[in-house]
2 protein chains.
Amino acid sequence: MPLPPRVSIVGASGALGQGLARRWAAAGIPLALGSREASRAQAAAAEVTAAVPGADMEFGENATAAEGSPVVAVAVPFAAQAQTYKSIADALAPGTIVLDATVPLATAVGGKPTRTLGVWQGSAAQQAAELVPEGVSVVSALHTVSAEMLADPGHRFEEDVLVCGDDAEAKATVAGLVEAIEGLRAVDAGRLEQSRIAESLTALMIGINIRNKTHAGIRITGL
Amino acid sequence: MPLPPRVSIVGASGALGQGLARRWAAAGIPLALGSREASRAQAAAAEVTAAVPGADMEFGENATAAEGSPVVAVAVPFAAQAQTYKSIADALAPGTIVLDATVPLATAVGGKPTRTLGVWQGSAAQQAAELVPEGVSVVSALHTVSAEMLADPGHRFEEDVLVCGDDAEAKATVAGLVEAIEGLRAVDAGRLEQSRIAESLTALMIGINIRNKTHAGIRITGL
């Protein structure tokens, strides 16, 4: 599966968005970085360029940045997920693949990061699927990958990324983007409804990280 | 942490109970095998003895087998969990550690094995905790370990077991029992309430197994 010619990152000024931007820029993928405010997107782009000189990058408000890319990665906290999707929906043309990495951590309502909230649709990814226009495919992934380690160019991953979605081709595209980051292996974790399990793993990882002062990841054995 | 002098297995005629019995017998741990009917417990004991000659083993109805061991492992399907606990509750003395491996798969109500049911208490393990007498500590573990691979003495594991519980000492005892099985590493996954995440992983593993014709396991990286 060839890499997409351009990837938009919605929420690029957050830790996960920034980490993904640096890794994908380093892999030579042209990017469009979005944030709620264009000035923050510009700052995010400057940070990526400082880390990856010569990176091919545009930036703007989320809706502007989301336009015109075959893949749009959404990396926002759960508290901002619904309003973010509403703000970018018009920019998503039919055929767009949305990579959603949202985890419904209880922190969204002042709770613990080791707990998740119940989402009416079953998972944050399924909530996203309800909020995108027809013809747009949501694939969820990257829930358990440390944003901090993504931003650290010296860190070499050796872990798996669970990929959930209902469209096999869209999942393959996302798997390619995951594996463009050295040391990450994409594992097909089934339909989008399985995302609730992948998402909840983040809460488990956070607990393990706290207890062990580490950046834990997940590996599926037997593959 | 020294291994307990005796372990009871409730549901020893099921696939997981049988697999655990063979592995623990091979590790030299004296066992008491229970089943709903004494005759099935006897058959289970005969199978274990055939696989592990000289195994130190008693057998009987679940309540009889559960009596007098410092650790009681409960390996029953979710559909039978509540009634099983009710049947053994009187046999559990204060201080007993219950190792619960129940997963609320939707198969309990005719659904898919890649889906779980919502449990009012939060998880099957927390339901178990509600059903044991005061002073008995429930630790959940072994959700993602293949019963079939446990029963195969030629299979060498290389995976982790998430252990959840509210009592650190009980968790350490269970971790010791997990690691008495070669190639399994126990990972502290936090309080018993986190068991809902560990339990749901079974549904995810089953999906991965179906797609890849394997017996997948889980490994936590970064530890």
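Residues numbered from 1 in each chain as written. Chains lettered and ligands numbered in written order. Predicted model: local features only at pLDDT ≥ 70, side-chain atom pairs only at ≥ 80, totals over all residues. Heavy atoms only, no water.

(A) Up close: the packing of helix α8 (residues 195–212) of chain A against helix α8 (residues 195–212) of chain B. Packing of α8(A) against α8(B) brings their axes to within 10 Å, and their N-to-C directions diverge by 145 degrees. By crossing handedness, the relation of α8(A) to α8(B) is classed as left-handed. Between α8(A) and α8(B), the contacting residues are A:Ile197, A:Ser200, A:Leu201, A:Ala203 and A:Leu204 on the first element and B:Ile197, B:Ser200, B:Leu201, B:Ala203 and B:Leu204 on the second. When the residues that make up the contact of α8(A) with α8(B) are grouped by side-chain class, the tally is eight nonpolar, two polar and no charged. (Axes fitted to C-alpha atoms, helices over the stretch in contact; angles between N-to-C directions. Helix = DSSP H or I, 4+ residues; strand = E, 2+ residues; numbered from the N terminus. Left-handed = near helix turned anticlockwise from the far one by under 90°. Contact = heavy atoms within 4.5 Å. Nonpolar A, V, L, I, M, F, W, Y, C, P; charged D, E, K, R; others polar.)

(B) Geometry of the relation of the copies chain A and chain B. Overlaying chain A with chain B gives an RMSD of 0.0 Å, the required rotation being 180 degrees about an axis along which the chain moves by 0.0 Å. Such a combination of turn and shift is consistent with a two-fold rotation axis. Relative to the rotation axis, the closest C-alpha in chain A is found at A:Arg219, a distance of 2.4 Å. Of all interface residues in chain A, 100% are interface residues in chain B too; the two copies therefore contact each other through one and the same surface. (Least-squares fit on C-alpha atoms with pLDDT ≥ 70 in both.)

(C) Expanded view of the packing of helix α4 (residues 78–88) of chain A against helix α5 (residues 124–131) of chain A. Residue and element names in this part refer to chain A. Where α4 meets α5, the axes come as close as 9 Å, and the angle between the chain directions of the two elements is 15 degrees. What the angle tells us is that α4 and α5 run roughly parallel. The way α4 lies across α5 gives a crossing that is right-handed. When α4 is examined against α5, the residues Phe78, Gln81, Ala82, Tyr85 and Lys86 are found in contact with a partner set consisting of Ala124, Ala125, Gln127, Ala128 and Leu131. (Parallel < 35°, antiparallel > 145°, perpendicular 65-115°, else oblique.)

(D) Spotlight on the environment of B:Gly217. The residue B:Gly217 is located in strand β9 (residues 217–221) in this model. The class for B:Gly217 is buried, based on a relative accessible area of 0%. Taking the C-alpha atoms as reference points, B:Gly217 and B:Gln121, 96 residues apart in sequence, are found 26 Å from one another. Ignoring anything within four residues of it in the chain, the contact list for B:Gly217 reads A:Arg219, A:Ile220, A:Thr221, B:Thr144, B:Glu159 and B:Met205. (Buried < 20%, exposed > 50% of the residue type's maximum accessible area, 1.4 Å probe, protein only.)

(E) How the structure looks around α8(A). All names here are of chain A. Helix length check: α8, at 18 residues, gives a terminal C-alpha distance of 26 Å against a target of 26 Å (1.5 Å per residue), a fit within 8%. Where burial is concerned, most of α8 is hidden: 13 out of the 18 residues are buried. Just downstream of α8 lies Lys213, where phi reads positive at about 45 degrees. (Expected span 1.5 Å × (residues − 1).)

(F) Fine view of the interface of chain A and chain B. Taken together, the contact between chain A and chain B spans 30 residues of the former and 30 residues of the latter. The largest contributions to the chain A side of the interface with chain B come from A:Ile197, A:Leu204 and A:Thr221, which together make up 24% of the buried area. Our count for the chain A to chain B interface comes out at four salt bridges. When the shortest N-O distance is used, the salt bridge between B:Arg211 and A:Asp188 registers 3.8 Å. There are 11 residue pairs in polar contact (both at pLDDT 80 or more) connecting chain A and chain B. Among the secondary structure elements, those contributing two or more residues to the side of chain A that touches chain B are β7 (159–165), β8 (184–188), α8 and β9 (217–221) of chain A. Ranked by residues supplied to the side of chain A that touches chain B, first place goes to α8(A) with nine residues. Considering only residue class, the side of chain A that touches chain B consists of 13 nonpolar, 10 polar and seven charged. Pairing geometry for β9(A) and β9(B), over five bridges, is antiparallel. Within β9(B), the position partnered with A:Arg219 by the bridge is B:Arg219. (Buried area = accessible area lost by both parts, 1.4 Å probe. Salt bridge = Lys/Arg side-chain N within 4 Å of Asp/Glu carboxyl O. Polar contact = N/O pair within 3.5 Å; in protein donor to acceptor, adjacent residues only side chain to side chain. Pairing = 2+ DSSP bridges.)

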